[in-house]
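Residue-level structural notes
Listed below, chain by chain, are the residues.
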Amino acid sequence: MAVTLARVLTGLVAFPLLLLGIQVEQIFTCIIGASIFLGLTEFRTLCRNIVLALEQKGEGDFLASQLKKQSIYIAGGFIFVGAVFGPIYLNLATMAALFCYPLCRAWGFTADVMVLEKKSDKKGSSRPFVLTIIHIALEVFGFMYIAWTLSHAILLRNTYKEGGAYVLYWIISAFQSDNGALFTGSAIGSKKFSPLVSPNKSWEGVFGAMFLSCFTGLVLWSLGSFWPFNPLLPRFGLHHYLILALLISVTGIAGDLCESFIKRAAGVKDSGALFPGHGGMLDRLDSLLIGAAASYYYVMFVVKPDGI
(Lines give C-alpha, C1' and ligand atoms only; values in the text may rest on other atoms or scores of the structure.)
Protein backbone atom coordinates (compact mmCIF):
# COMPACT_ATOMS: atom_id res chain seq x y z
CA MET A 1 0.00 0.00 0.00
CA ALA A 2 2.83 2.38 0.92
CA VAL A 3 4.65 1.63 -2.32
CA THR A 4 1.49 2.27 -4.36
CA LEU A 5 0.93 5.58 -2.57
CA ALA A 6 4.53 6.60 -3.23
CA ARG A 7 4.11 5.74 -6.91
CA VAL A 8 0.96 7.86 -7.15
CA LEU A 9 2.50 10.85 -5.37
CA THR A 10 5.61 10.69 -7.52
CA GLY A 11 3.45 10.62 -10.65
CA LEU A 12 1.37 13.59 -9.47
CA VAL A 13 4.54 15.65 -9.00
CA ALA A 14 6.38 14.50 -12.11
CA PHE A 15 3.56 14.65 -14.67
CA PRO A 16 2.93 18.44 -14.54
CA LEU A 17 6.66 19.07 -14.84
CA LEU A 18 6.83 16.71 -17.80
CA LEU A 19 3.81 18.38 -19.41
CA LEU A 20 5.53 21.76 -19.10
CA GLY A 21 8.71 20.33 -20.57
CA ILE A 22 6.90 18.93 -23.59
CA GLN A 23 5.54 22.37 -24.46
CA VAL A 24 8.97 24.06 -24.32
CA GLU A 25 11.55 22.59 -26.70
CA GLN A 26 14.62 23.61 -24.68
CA ILE A 27 13.23 22.22 -21.42
CA PHE A 28 12.26 18.95 -23.08
CA THR A 29 15.72 18.58 -24.62
CA CYS A 30 17.31 19.12 -21.21
CA ILE A 31 14.97 16.55 -19.64
CA ILE A 32 15.93 13.93 -22.24
CA GLY A 33 19.63 14.76 -21.88
CA ALA A 34 19.47 14.45 -18.09
CA SER A 35 17.51 11.19 -18.38
CA ILE A 36 20.15 9.73 -20.70
CA PHE A 37 22.96 10.79 -18.35
CA LEU A 38 21.25 9.33 -15.26
CA GLY A 39 20.29 6.18 -17.15
CA LEU A 40 23.89 5.62 -18.28
CA THR A 41 25.10 6.23 -14.73
CA GLU A 42 22.79 3.55 -13.35
CA PHE A 43 23.73 1.24 -16.21
CA ARG A 44 27.42 1.55 -15.31
CA THR A 45 26.57 0.65 -11.70
CA LEU A 46 24.69 -2.44 -12.88
CA CYS A 47 27.63 -3.39 -15.08
CA ARG A 48 30.03 -3.18 -12.15
CA ASN A 49 27.79 -5.60 -10.26
CA ILE A 50 27.84 -7.93 -13.26
CA VAL A 51 31.63 -7.69 -13.37
CA LEU A 52 31.88 -8.97 -9.79
CA ALA A 53 30.42 -12.25 -11.04
CA LEU A 54 33.24 -12.45 -13.59
CA GLU A 55 35.98 -11.82 -11.06
CA GLN A 56 38.60 -14.53 -11.26
CA LYS A 57 42.24 -14.22 -10.17
CA GLY A 58 42.12 -10.44 -10.21
CA GLU A 59 40.92 -10.17 -13.80
CA GLY A 60 37.47 -9.05 -12.66
CA ASP A 61 39.18 -6.15 -10.91
CA PHE A 62 40.89 -5.30 -14.20
CA LEU A 63 37.55 -5.15 -15.99
CA ALA A 64 35.91 -3.25 -13.14
CA SER A 65 38.61 -0.58 -13.34
CA GLN A 66 37.80 -0.13 -17.03
CA LEU A 67 34.10 0.32 -16.27
CA LYS A 68 34.97 3.31 -14.06
CA LYS A 69 36.10 5.24 -17.13
CA GLN A 70 33.78 7.89 -18.54
CA SER A 71 33.89 6.88 -22.20
CA ILE A 72 30.29 5.62 -22.32
CA TYR A 73 29.14 9.18 -21.55
CA ILE A 74 31.09 10.44 -24.55
CA ALA A 75 29.36 8.02 -26.93
CA GLY A 76 25.93 8.63 -25.37
CA GLY A 77 26.41 12.39 -25.46
CA PHE A 78 27.58 12.24 -29.08
CA ILE A 79 24.35 10.46 -30.09
CA PHE A 80 22.24 12.87 -28.03
CA VAL A 81 23.82 15.93 -29.69
CA GLY A 82 23.20 14.35 -33.10
CA ALA A 83 19.50 13.99 -32.27
CA VAL A 84 19.31 17.65 -31.25
CA PHE A 85 20.42 18.68 -34.76
CA GLY A 86 18.05 16.28 -36.57
CA PRO A 87 17.51 12.71 -37.82
CA ILE A 88 20.35 12.78 -40.35
CA TYR A 89 22.84 13.84 -37.69
CA LEU A 90 21.50 11.21 -35.30
CA ASN A 91 22.16 8.51 -37.90
CA LEU A 92 25.64 9.86 -38.62
CA ALA A 93 26.48 10.13 -34.91
CA THR A 94 25.20 6.60 -34.26
CA MET A 95 27.20 5.10 -37.13
CA ALA A 96 30.31 6.97 -36.01
CA ALA A 97 29.84 5.78 -32.42
CA LEU A 98 29.26 2.17 -33.45
CA PHE A 99 32.33 2.17 -35.70
CA CYS A 100 34.81 4.31 -33.77
CA TYR A 101 33.91 3.52 -30.19
CA PRO A 102 34.81 -0.22 -30.17
CA LEU A 103 38.04 0.49 -32.07
CA CYS A 104 39.13 3.27 -29.72
CA ARG A 105 38.19 1.28 -26.62
CA ALA A 106 40.00 -1.81 -27.90
CA TRP A 107 43.07 0.33 -28.59
CA GLY A 108 42.93 1.69 -25.04
CA PHE A 109 42.48 -1.80 -23.61
CA THR A 110 45.59 -3.05 -25.38
CA ALA A 111 47.90 -1.10 -23.11
CA ASP A 112 46.04 -2.31 -20.00
CA VAL A 113 46.17 -5.92 -21.18
CA MET A 114 49.93 -5.63 -21.74
CA VAL A 115 50.38 -4.33 -18.19
CA LEU A 116 48.19 -7.14 -16.86
CA GLU A 117 50.23 -9.75 -18.72
CA LYS A 118 53.48 -8.43 -17.28
CA LYS A 119 52.06 -8.96 -13.79
CA SER A 120 50.63 -12.38 -14.61
CA ASP A 121 52.43 -15.70 -14.49
CA LYS A 122 50.45 -16.92 -17.51
CA LYS A 123 51.76 -15.32 -20.68
CA GLY A 124 49.59 -15.20 -23.74
CA SER A 125 46.35 -15.83 -21.84
CA SER A 126 43.26 -15.13 -23.91
CA ARG A 127 41.06 -14.30 -20.92
CA PRO A 128 41.94 -10.57 -20.75
CA PHE A 129 40.90 -10.24 -24.37
CA VAL A 130 37.66 -12.10 -23.68
CA LEU A 131 36.98 -9.68 -20.82
CA THR A 132 37.78 -6.80 -23.14
CA ILE A 133 35.19 -7.97 -25.67
CA ILE A 134 32.61 -8.41 -22.90
CA HIS A 135 33.27 -4.91 -21.62
CA ILE A 136 33.03 -3.29 -25.06
CA ALA A 137 29.83 -5.21 -25.78
CA LEU A 138 28.31 -4.02 -22.50
CA GLU A 139 29.16 -0.39 -23.23
CA VAL A 140 27.92 -0.50 -26.84
CA PHE A 141 24.69 -2.12 -25.67
CA GLY A 142 24.36 0.54 -22.98
CA PHE A 143 24.60 3.61 -25.18
CA MET A 144 22.43 2.04 -27.87
CA TYR A 145 19.78 0.77 -25.42
CA ILE A 146 19.59 4.09 -23.55
CA ALA A 147 21.03 7.00 -25.55
CA TRP A 148 20.07 5.95 -29.09
CA THR A 149 16.50 4.89 -28.30
CA LEU A 150 15.63 7.82 -26.02
CA SER A 151 17.17 10.38 -28.39
CA HIS A 152 14.31 9.62 -30.77
CA ALA A 153 12.00 11.43 -28.34
CA ILE A 154 13.76 14.66 -29.36
CA LEU A 155 13.16 13.89 -33.02
CA LEU A 156 9.52 13.02 -32.31
CA ARG A 157 9.07 16.32 -30.47
CA ASN A 158 10.98 18.64 -32.79
CA THR A 159 10.39 17.22 -36.28
CA TYR A 160 6.62 17.57 -36.56
CA LYS A 161 4.07 20.32 -35.93
CA GLU A 162 2.19 18.02 -33.54
CA GLY A 163 5.40 16.71 -32.00
CA GLY A 164 4.37 17.62 -28.46
CA ALA A 165 1.11 15.70 -28.86
CA TYR A 166 2.95 12.64 -30.21
CA VAL A 167 5.37 12.69 -27.26
CA LEU A 168 2.56 13.05 -24.74
CA TYR A 169 0.66 10.15 -26.31
CA TRP A 170 3.81 7.98 -26.25
CA ILE A 171 4.35 8.68 -22.56
CA ILE A 172 0.69 8.24 -21.52
CA SER A 173 0.38 4.96 -23.45
CA ALA A 174 3.58 3.59 -21.92
CA PHE A 175 2.59 4.54 -18.37
CA GLN A 176 -0.92 3.16 -18.80
CA SER A 177 0.58 -0.05 -20.12
CA ASP A 178 2.69 -0.26 -16.95
CA ASN A 179 -0.37 0.37 -14.80
CA GLY A 180 -2.40 -2.24 -16.67
CA ALA A 181 0.32 -4.83 -16.14
CA LEU A 182 0.70 -3.94 -12.47
CA PHE A 183 -2.96 -3.96 -11.45
CA THR A 184 -4.07 -6.87 -13.65
CA GLY A 185 -1.09 -8.98 -12.68
CA SER A 186 -1.60 -8.22 -8.98
CA ALA A 187 -5.33 -8.98 -9.14
CA ILE A 188 -5.59 -12.11 -11.28
CA GLY A 189 -2.05 -12.96 -12.40
CA SER A 190 -1.31 -16.69 -12.19
CA LYS A 191 0.45 -17.85 -15.37
CA LYS A 192 4.09 -16.76 -15.29
CA PHE A 193 5.26 -14.85 -18.34
CA SER A 194 9.04 -15.13 -17.84
CA PRO A 195 9.75 -16.83 -14.50
CA LEU A 196 13.54 -16.90 -14.89
CA VAL A 197 13.97 -13.25 -15.85
CA SER A 198 11.06 -11.62 -14.01
CA PRO A 199 9.11 -13.98 -11.73
CA ASN A 200 6.44 -11.38 -10.87
CA LYS A 201 5.29 -10.87 -14.47
CA SER A 202 2.31 -12.87 -15.70
CA TRP A 203 0.49 -13.41 -18.98
CA GLU A 204 -2.58 -11.81 -17.45
CA GLY A 205 -0.49 -8.73 -16.72
CA VAL A 206 0.78 -8.65 -20.31
CA PHE A 207 -2.73 -8.71 -21.76
CA GLY A 208 -3.87 -6.20 -19.13
CA ALA A 209 -1.07 -3.87 -20.21
CA MET A 210 -2.05 -4.03 -23.88
CA PHE A 211 -5.75 -3.67 -23.10
CA LEU A 212 -5.37 -0.59 -20.88
CA SER A 213 -2.99 1.05 -23.33
CA CYS A 214 -5.41 0.54 -26.24
CA PHE A 215 -8.40 1.56 -24.11
CA THR A 216 -6.57 4.77 -23.20
CA GLY A 217 -5.99 5.37 -26.91
CA LEU A 218 -9.72 4.93 -27.53
CA VAL A 219 -10.58 7.42 -24.77
CA LEU A 220 -8.09 9.99 -26.04
CA TRP A 221 -9.36 9.60 -29.60
CA SER A 222 -12.90 10.19 -28.33
CA LEU A 223 -11.75 13.35 -26.54
CA GLY A 224 -10.06 14.49 -29.74
CA SER A 225 -13.30 13.96 -31.66
CA PHE A 226 -15.16 16.35 -29.34
CA TRP A 227 -12.23 18.77 -29.19
CA PRO A 228 -10.62 18.54 -32.66
CA PHE A 229 -8.15 21.41 -32.16
CA ASN A 230 -6.78 20.25 -28.83
CA PRO A 231 -2.99 20.77 -29.09
CA LEU A 232 -2.33 17.98 -26.57
CA LEU A 233 -3.87 15.21 -28.71
CA PRO A 234 -2.60 13.86 -32.06
CA ARG A 235 -4.91 14.52 -35.00
CA PHE A 236 -5.07 11.13 -36.68
CA GLY A 237 -7.57 8.30 -37.01
CA LEU A 238 -8.68 5.76 -34.44
CA HIS A 239 -6.68 2.99 -36.13
CA HIS A 240 -3.46 4.96 -35.60
CA TYR A 241 -4.36 5.54 -31.95
CA LEU A 242 -4.91 1.82 -31.37
CA ILE A 243 -1.96 0.52 -33.41
CA LEU A 244 0.45 2.99 -31.86
CA ALA A 245 -0.85 2.21 -28.35
CA LEU A 246 -0.38 -1.52 -28.97
CA LEU A 247 3.10 -0.92 -30.40
CA ILE A 248 4.12 1.20 -27.41
CA SER A 249 2.75 -1.41 -25.00
CA VAL A 250 4.55 -4.33 -26.67
CA THR A 251 7.86 -2.47 -26.90
CA GLY A 252 7.40 -1.36 -23.30
CA ILE A 253 7.02 -4.96 -22.18
CA ALA A 254 10.13 -5.88 -24.18
CA GLY A 255 12.10 -3.01 -22.64
CA ASP A 256 10.93 -3.97 -19.16
CA LEU A 257 12.08 -7.56 -19.70
CA CYS A 258 15.41 -6.34 -21.04
CA GLU A 259 16.07 -4.25 -17.95
CA SER A 260 14.88 -7.08 -15.70
CA PHE A 261 17.43 -9.33 -17.39
CA ILE A 262 20.20 -6.81 -16.69
CA LYS A 263 19.14 -6.40 -13.05
CA ARG A 264 18.93 -10.17 -12.70
CA ALA A 265 22.51 -10.50 -13.90
CA ALA A 266 23.58 -7.70 -11.54
CA GLY A 267 21.71 -9.24 -8.60
CA VAL A 268 19.66 -6.14 -7.71
CA LYS A 269 15.95 -5.40 -7.44
CA ASP A 270 15.99 -1.77 -8.64
CA SER A 271 18.46 0.14 -10.78
CA GLY A 272 18.47 2.97 -8.22
CA ALA A 273 16.34 4.92 -5.74
CA LEU A 274 15.82 8.22 -7.56
CA PHE A 275 12.00 8.03 -7.65
CA PRO A 276 10.14 6.93 -4.48
CA GLY A 277 8.01 3.90 -5.19
CA HIS A 278 9.43 3.54 -8.72
CA GLY A 279 13.14 2.83 -8.21
CA GLY A 280 15.82 4.40 -10.37
CA MET A 281 15.83 6.26 -13.66
CA LEU A 282 16.17 3.05 -15.68
CA ASP A 283 13.21 1.58 -13.80
CA ARG A 284 11.12 4.48 -15.14
CA LEU A 285 12.67 4.51 -18.60
CA ASP A 286 12.60 0.79 -19.34
CA SER A 287 9.09 0.86 -20.82
CA LEU A 288 9.77 4.12 -22.69
CA LEU A 289 13.11 3.52 -24.38
CA ILE A 290 12.27 1.21 -27.28
CA GLY A 291 8.84 2.82 -27.57
CA ALA A 292 10.43 6.21 -28.29
CA ALA A 293 12.17 4.88 -31.38
CA ALA A 294 9.14 2.78 -32.40
CA SER A 295 6.80 5.79 -32.09
CA TYR A 296 9.08 8.02 -34.14
CA TYR A 297 9.44 5.53 -36.99
CA TYR A 298 5.72 4.68 -36.94
CA VAL A 299 4.83 8.37 -37.24
CA MET A 300 7.46 8.93 -39.92
CA PHE A 301 6.67 5.93 -42.14
CA VAL A 302 2.97 5.25 -41.45
CA VAL A 303 1.29 8.46 -40.28
CA LYS A 304 3.51 10.71 -42.45
CA PRO A 305 2.44 14.07 -41.00
CA ASP A 306 3.73 17.44 -42.13
CA GLY A 307 7.03 18.55 -40.70
CA ILE A 308 7.71 21.82 -38.96
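Please read all numbers here as calculations on a predicted model, not as lab measurements.

Attention shifts here to the pairing of strand E2 (residues 198-202). Here strand E1 (residues 192-194) runs beside E2; their pairing, made up of 2 bridges, is antiparallel. Paired with Ser194 across the strands is Ser198, a residue of E2. Counted between consecutive antiparallel strands, the loop separating E1 from E2 contains 3 residues.

Relative to the elements of secondary structure, Ser177 occurs in helix H7 (residues 163-188). With a relative accessible area of 3%, Ser177 lands in the buried category. When near neighbours in sequence (up to four residues on either side) are disregarded, Ser177 contacts Ala209, Ser213 and Ser249.

With that settled, consider unusual backbone geometry. For Lys304, which is not a glycine, the phi torsion comes out positive at approximately 55°. Tracing the backbone through its elements, the reader meets Lys304 in the segment after helix H11 (289-303).

The next subject is the pattern of salt bridges. Applying the stated rule across the entire model yields 5 salt bridges. Of the charged contacts, one joins Glu162 and Arg235 as a salt bridge, the two residues approaching to 3.6 Å between their closest N and O atoms. Highlighted residues: Glu162 in the loop between helix H6 (127-159) and H7 and Arg235 in the loop between helix H8 (203-226) and helix H9 (238-266), separated in sequence by 73 residues. Between Asp283 and Lys263 there is a salt bridge; the shortest N-O distance is 2.9 Å. Remark: Lys263 occurs in helix H9 and Asp283 occurs in helix H10 (residues 281-285); sequence separation between them is 20 residues.

Looking now at the confidence of the model for the protein chain. Residues at a pLDDT of 70 or more form 79% of the protein chain, whose mean pLDDT is 83. The weakest mean pLDDT in the protein chain belongs to helix H3 (residues 59-67) at 51; the strongest belongs to H11 at 95.

Judged by nonpolar contacts, the single largest core of 59 residues is most densely connected at Ile32, Phe143 and Trp170. Broken down by element, this core gets its largest block of residues, 12 residues, from H6. Residue contacts for Phe143: discarding those within four places in its chain leaves Leu40, Ile72, Ala75, Gly76, Ile79, Ala97, Leu98, Tyr101 and Trp148.

For any two aromatic rings, the description comes down to two numbers: the centre-to-centre distance and the angle of the planes. The full count for this structure, using the stated rule, is 14 aromatic pairs. Aromatic pair Phe43 and Phe141: ring centres 6.2 Å apart, planes at 45°, arrangement tilted. Of this pair, Phe43 sits in helix H2 (residues 25-54) while Phe141 sits in helix H6; the two residues are 98 residues apart in sequence, bridging distant segments of the chain. On the basis of relative accessibility, which here comes to 2%, the residue Phe43 falls in the buried class. Taking the centre distance of 6.1 Å and the plane angle of 75° together, the rings of Tyr160 and Tyr166 count as edge-to-face. As far as burial versus exposure is concerned, Tyr160 and Tyr166 are alike and both buried. An aromatic cluster is built from Tyr160, Tyr166, Tyr169, Phe236, Tyr241, Tyr296, Tyr297 and Phe301, whose rings are joined through pairwise contacts. One cation-aromatic arrangement involves Arg284 over Phe175; the distance from NZ or CZ to the ring centre is 5.0 Å.

What counts, and where the lines are drawn
- Residues numbered from 1 in each chain as written.
- Predicted model: local features only at pLDDT ≥ 70, side-chain atom pairs only at ≥ 80, totals over all residues.
- Heavy atoms only, no water.
- Pairing = 2+ DSSP bridges.
- Helix = DSSP H or I, 4+ residues; strand = E, 2+ residues; numbered from the N terminus.
- Buried < 20%, exposed > 50% of the residue type's maximum accessible area, 1.4 Å probe, protein only.
- Contact = heavy atoms within 4.5 Å.
- Salt bridge = Lys/Arg side-chain N within 4 Å of Asp/Glu carboxyl O.
- pLDDT = per-residue confidence, 0-100.
- Core = buried A, V, L, I, M, F, W, Y, C linked by side-chain atoms within 4.5 Å.
- Phe/Tyr/Trp six-rings, centres within 6.5 Å; stacked < 30°, edge-to-face > 60°.
- Lys NZ or Arg CZ within 6 Å of the ring centre and 35° of its normal.

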